[in-house]
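# Reading the structure
Here are the chains, one letter per residue:
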Number of protein chains: 2
Amino acid sequence: MKSAYRTVEVLEALSRSGGGCSLSELQRQLRVPKSSLHELLQTLVSIGWVEVDLRTTTYRIGLRALRVGTAYLDSDPLVRAAGPLLAQLRNEMDETVHLARLDGSDVVYLISHESSHHVRVISRIARRLPAHSTALGKILLAMRSYDEVTALLPSRLEKLTPATVVDRAELEVEMEKARELGYSSETGQNTPGLVCFAVAVPGHHPSTDSVSCSMPLTRLNDEHAARVIGGLTSCADQLGQLVRSNGW
Amino acid sequence: MKSAYRTVEVLEALSRSGGGCSLSELQRQLRVPKSSLHELLQTLVSIGWVEVDLRTTTYRIGLRALRVGTAYLDSDPLVRAAGPLLAQLRNEMDETVHLARLDGSDVVYLISHESSHHVRVISRIARRLPAHSTALGKILLAMRSYDEVTALLPSRLEKLTPATVVDRAELEVEMEKARELGYSSETGQNTPGLVCFAVAVPGHHPSTDSVSCSMPLTRLNDEHAARVIGGLTSCADQLGQLVRSNGW
DNA sequence: GTCAGGCGTTCGCATACGCGAACGCAATTC
DNA sequence: GAATTGCGTTCGCGTATGCGAACGCCTGAC
């Protein structure tokens with residue numbers, strides 16, 4: 001069905017282009033007749049899903065779209081259950097904690113509780129990062145066979161920082177290590193200066209969700225790392241219990 | 001344009017019905033032919049905007065919708081600027097702080113930073129509450145004339161708790177007090193046991209955004225309240241400066 | 001001052017889409 | 001076990017919708 005597909009396509013284009021888009025910009029991106037776009041945008045504006053700056057006729061995502069997107073988080077029982085557990089974990093560690101889900105070759109952040117130190121970060125909720133560049137993603141990939149991972153990942157792995165592992169064989173070594181230890185880690189592979197530990201939530205085969213804790217390198221030491229990994233593991237296990245007993 | 005309207009209508013219905021909906025449930029809610037819904041849902045599923053549980057054929061909002069909704073927050077310069085300021089405020093007070101925007105007769109929560117005490121709360125982002133039941137909403141209504149407020153509010157005000165002010169005249173008294181003091185407050189009018197203070201972000205006429213700080217009644221005392229109100233006012237003023245100087 | 005290029009907007013025609021009715025399948029009911 | 005009810009699914013017809021071309025407007029170039 002073309003019209004629904006296109007509606008969504010327009011919304012996604014607007015959401016990608018941060019600040020907003022003009023009609024012509026959209027038409028170039030989507031290769032859709034201007035007239036069709038025009039009518040479509042007008043109806044989306046009329047129901048508050050798109051907002052338009054009348055001076056510049058620039059379109060951006062509207063307030064009404066916000067509700068629907070976040071309903072995904074509300075409707076997901078695992079996310080609901082993980083909220084309080086992760087808040088607790090953040091308070092115990094005073095480090096930033098996340099819950100993320102694998103979607104194709106990316107991880108999507110579903111929960112984010114920031115440490116009190118790290119005030120600059122804007123919440124990562126709904127943001128995507130390539131799975132191979134995050135601890136959250138690596139532990140989820142590590143739960144999968146070599147062939148499954150190959151099918152998931154793109155042929156060329158994006159290098160977000162100098163430290164990002166983009167070599168498939170090297171990645172495999174990391175994943176093997178993660179399988180042994182039961183957790184994955186990563187240092188500056190998506191954000192320079194930040195180290196991150198992650199544990200997969202069991203219950204599904206293979207796991208689709210993982211919890212993580214990230215901190216600046218300056219706060220890292222063996223004792224703190226052990227505490228963090230212990231906290232993450234216990235948290236993931238509790239969630240895994242819930243997944244199994246409730247059939248999520 | 002019917003198809004776009006209906007697409008959005010389906011998404012909103014799914015987002016309202018928390019856990020998900022069957023085809024027939026949707027058809028009863030929306031009064032739309034089953035066959036049309038069926039086709040529409042299939043395309044939405046194929047692009048990941050709706051997920052379907054094949055055992056029960058229950059439809060729910062999909063992961064792809066999440067991105068688009070939260071793009072509203074990313075694209076809004078005020079929200080971006082308020083993030084770090086509110087995080088700072090939360091750390092100073094160790095109380096839960098919010099940024100909200102007036103939309104019709106509701107306020108929509110755009111930022112939420114929880115205190116370390118209050119672990120149970122799930123994030124209020126994107127949630128709506130009737131403006132008259134919140135400090136955030138009262139201060140925004142107080143910036144408007146009697147007639148404007150009348151046009152905005154429904155004829156019967158919803159009573160969420162025993163303490164909710166639902167009498168128009170009584171509400172007007174509260175708003176007059178808020179105008180004098182420069183902030184609004186509310187005790188248990190949307191959540192029993194919770195007290196909340198709010199200040200409007202200046203720069204627009206009338207203001208559309210406000211910042212708030214809520215805490216359990218047990219932690220309230222004059223000194224703490226004064227500190228909170230001072231922090232909120234300073235935060236709102238800083239944001240107002242930004243709005244004015246950048247023309248947001 | 002004129003022209004060109006880019007923009008948002010309008011309009012009539014061909015087409016893809018929404019509709020209702022009918023179907024097949026389970027799970028209940030008696 | 002026959003009948004009923006509720007569900008998801010299919011299909012052909014009439015119509016709402018998407019399309020390209022043309023329009024009017026502005027801005028900047030020369």
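Structure: above.
Below or above, wherever it landed, is the structure these notes cover. Since the model is a prediction, treat every value here as computed from it, not as a measurement.

Reading the values: the criteria
Residues numbered from 1 in each chain as written. Chains lettered and ligands numbered in written order. Predicted model: local features only at pLDDT ≥ 70, side-chain atom pairs only at ≥ 80, totals over all residues. Pairing = 2+ DSSP bridges. Helix = DSSP H or I, 4+ residues; strand = E, 2+ residues; numbered from the N terminus. Buried ≥ 20, exposed ≤ 12 C-beta atoms within 10 Å, placed from the backbone. Least-squares fit on C-alpha atoms with pLDDT ≥ 70 in both. Contact = placed C-beta atoms within 7 Å. Core = buried A, V, L, I, M, F, W, Y, C linked by C-beta atoms within 7 Å. Near = placed C-beta within 6 Å. Nonpolar A, V, L, I, M, F, W, Y, C, P; charged D, E, K, R; others polar. Axes fitted to C-alpha atoms, helices over the stretch in contact; angles between N-to-C directions.

## Quick look at the sheet that holds strand 1 (residues 21-22) of chain B
Residues and elements named next belong to chain B. Spatially, 1-3-2 is the arrangement adopted by the 3 strands of the open sheet, whose pairing is antiparallel. For this open sheet the edge positions go to strand 1 and strand 2 (50-53), each flanked by a neighbour on one side alone. Both strand 2 and strand 3 (residues 58-61) contribute to a ladder of 4 bridges, which runs antiparallel. Note on strand 3: the bridge partner recorded for Val 52 is Tyr 59.

## Things to note about the pairing of strand 8 (residues 194-200) of chain B
All names here are of chain B. Taking burial as the measure, the 7 residues of strand 8 include 6 buried ones, the bulk of the element. Here strand 7 (residues 184-187) runs beside strand 8; their pairing, made up of 4 bridges, is antiparallel. Each residue of the ladder has a partner; that of Ser 185, found in strand 8, is Phe 197. Hairpin connection from strand 7 to strand 8: 6 residues lie between these consecutive antiparallel strands, with Gly 188 at a positive phi of about 65°.

## Things to note about the relation of the copies chain B and chain A
Expressed as a screw operation, the relation of chain B to chain A combines 0.0 Å of axial shift with a rotation of 180°, fitting to an RMSD of 0.1 Å. As the rotation angle and translation indicate, the two copies are arranged about a two-fold axis. Among all residues of chain B, the minimum C-alpha distance to the rotation axis is found for Gly69(B), at 2.2 Å. When the interface residues of chain B are mapped onto chain A, 100% of them again fall at the interface, so both copies present the same face.

## Quick word on the nonpolar core
In this structure, Leu86(A), Ile139(A), Val211(A), Leu86(B), Ile139(B) and Val211(B) are the most contacted members of the largest nonpolar core, which totals 132 residues. In this view, Leu86(B) contacts Val97(B), Leu99(B), Ile111(B), His113(B), Val211(B) and Cys235(B); residues no more than four positions away in its chain are not counted.

## A few points about the environment of Leu242(A)
Its place among the elements puts Leu242(A) in helix 9 (residues 222-246). Remark: the alpha-carbon pair of Leu242(A) and Leu78(A), spanning 164 residues in sequence, is separated by 8.0 Å.

## Points about the protein's contact with DNA strand C
As a matter of local geometry, DNA strand C sits amid 17 residues, with Lys2(A), Leu23(A), Ser35(A), Ser35(B) and Ser36(B) nearest to it. Of all the secondary structure elements, the ones that give two or more residues to the surface near DNA strand C are helix 1 (2-16), helix 2 (23-30) and helix 3 (34-46) of chain A together with helix 1 (2-16) and helix 3 (34-46) of chain B. Residue composition of the surface near DNA strand C, grouped by class: 4 nonpolar, 9 polar and 4 charged.

## Remarks on the protein's contact with DNA strand D
The environment of DNA strand D is formed by 17 residues, the closest being Ser35(A), Ser36(A), Lys2(B), Leu23(B) and Ser35(B). At the level of secondary structure, the elements contributing two or more residues to the surface near DNA strand D comprise helix 1 and helix 3 of chain A together with helix 1, helix 2 (23-30) and helix 3 of chain B. Partitioning the surface near DNA strand D into residue classes produces 4 nonpolar, 9 polar and 4 charged.

## Thoughts on the interface of chain B and chain A
Taken together, the 47 residues of chain B in the interface contact 47 residues of chain A. Within the residue set of the side of chain B that touches chain A, elements represented by two or more residues are helix 1, helix 3, strand 3, helix 4 (63-75) and helix 5 (77-93) of chain B. Looking at which element gives the most residues to the side of chain B that touches chain A, the answer is helix 4 of chain B, with 11 residues. Of the residues belonging to the side of chain B that touches chain A, the class tally is 23 nonpolar, 15 polar and 9 charged.

## Re the sheet that holds strand 9 (residues 209-216) of chain B
Two orientations exist for strands paired in a sheet by backbone hydrogen bonds: parallel and antiparallel. All names here are of chain B. With antiparallel pairing, the 6 strands of this open sheet are ordered in space as 6-5-4-9-8-7. Taken across any chain shown, the strands that pair with only one partner, and hence form the sheet edges, are strand 6 (128-130) and strand 7. The mean inter-strand angle of the sheet, taken between neighbouring strand axes irrespective of direction, is 30°.

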